[in-house]
Amino acid sequence: MDVTLINPFINATINVLETMAFVTVTAEKPYLKKNNIAVGDVTGVMGLTGAAQGTIAVTFEEKCILTVVSNMFGEKIDGLNDDIADAVGELTNMISGQARRELDEMGKIFRAAIPSVITGKKHTIRHYGSGPKIAIPFQTDSGNFTIEVCFDR
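Residues numbered from 1 in each chain as written. Predicted model: local features only at pLDDT ≥ 70, side-chain atom pairs only at ≥ 80, totals over all residues. Heavy atoms only, no water.

Visitor: Break down the overall build of the chain for me, with residues and values.
Guide: Along its length, the chain carries three helices and eight strands. Start at the N end of the chain and walk to the C end: the helices and strands fall as α-β-β-β-β-α-α-β-β-β-β. The C-alpha extent of the chain, read off along each of the three principal axes, is 40 × 30 × 30 Å. The buried share of the chain, reckoned over its 153 residues, is 49%. Here the analysis covers contacts within the chain between residues at least 6 apart in sequence; of these, 68% occur between residues at least 24 apart. For the chain, the distance from the average site of its 14 positive side-chain charges to the average site of its 18 negative ones is 10 Å. (Helix = DSSP H or I, 4+ residues; strand = E, 2+ residues; numbered from the N terminus. Buried < 20%, exposed > 50% of the residue type's maximum accessible area, 1.4 Å probe, protein only. Contact = heavy atoms within 4.5 Å. Lys, Arg positive; Asp, Glu negative; His and termini not counted. Charge placed at Lys NZ, Arg CZ, Asp CG, Glu CD.)

Visitor: Give a description of the pairing of strand β8 (residues 143-151) that names residues and reports values.
Guide: The buried fraction of β8 amounts to eight of the nine residues, a majority that puts the element mostly inside the structure. Bridge count for strand β4 (residues 54-60) against β8 is seven bridges, and the pairing is antiparallel. Considered in β8, the bridge of Ala57 is made with Glu148. Note that strand β7 (residues 133-140) and β8 share eight bridges and pair antiparallel. What sits directly across from Thr140, in β8, is Gly143. Between β7 and the antiparallel strand that follows it, β8, lie two residues. (Pairing = 2+ DSSP bridges.)

Visitor: Can you tell me about a negative patch on the surface, naming the residues and giving the values?
Guide: Taken together, Glu75, Asp82, Asp83 and Asp86 make up a surface patch of like negative charges. Relative to the helices and strands, Asp83 resides in helix α3 (residues 82-105). (Patch = residues over 30% accessible without salt bridge, like charges linked within 9 Å, V, L, I, M, F, W, Y side chains within 5 Å. Areas by Shrake-Rupley, 256 points an atom, 1.4 Å probe, with all protein chains shown as cover. Salt bridge = Lys/Arg side-chain N within 4 Å of Asp/Glu carboxyl O.)

Visitor: With reference to specific residues and values, describe unusual backbone geometry.
Guide: You will see that Phe22, though not glycine, has its phi angle at about 55°, which is positive. By the secondary structure assignment, Phe22 is in the loop between α1 (7-21) and β1 (26-27). One non-glycine residue, Lys122, adopts positive backbone phi at about 55°. Tracing the sequence through the fold places Lys122 in the loop between β6 (116-119) and β7. What makes Lys122 exposed here is its relative accessible area of 68%.

Visitor: For the pattern of salt bridges, give the residues involved together with the corresponding values.
Guide: In this structure the tally under the stated criterion is three salt bridges. The partner of Lys121 in a salt bridge is Asp41, and the shortest N-O contact between them spans 3.3 Å. Residue Lys121 is located in the loop between β6 and β7, and its partner Asp41 is located in the loop between β2 (31-33) and β3 (42-50); the two are separated by 80 residues in the primary sequence. With relative accessibility at 63%, the residue Lys121 sits in the exposed group. Taking the relative accessible area as the measure of exposure, Asp41 reaches 11% and is therefore buried. One salt bridge connects Asp78 with Lys76, and the closest N-O pair in it is separated by 4.0 Å.

What follows is the structure, encoded as structure tokens:
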């Protein structure tokens, strides 16, 4: 997979979480994901078409997303609910939008679908691309989350 397709998603993820949720984010080493089991408890998934066909997924551990959404809303959120799901969809949308702007500047034009949100322990993530699934784990003081990027070869 072309690394120039992945870096904009890393940059956008850090920027969105730090500016929208006031959360310090540290990217860890990317790895090739071999299965479809989510590492988080709630996931936003969005299909992308254009320069390549594929998917971005953002999957949060419960503790992490509760802190992120509490910071965004300015009030304490204690459990996964519809507001959390809506926020994950919107975060996925914002990350995709920023990454696509950076990709546009490189001449790689993408269009995005409406994000879907999946919740539950050990849920599966179905990617639309047939290429490798690259997972990038992120650490925060309040838990972890991972983005997955998958594009056709």
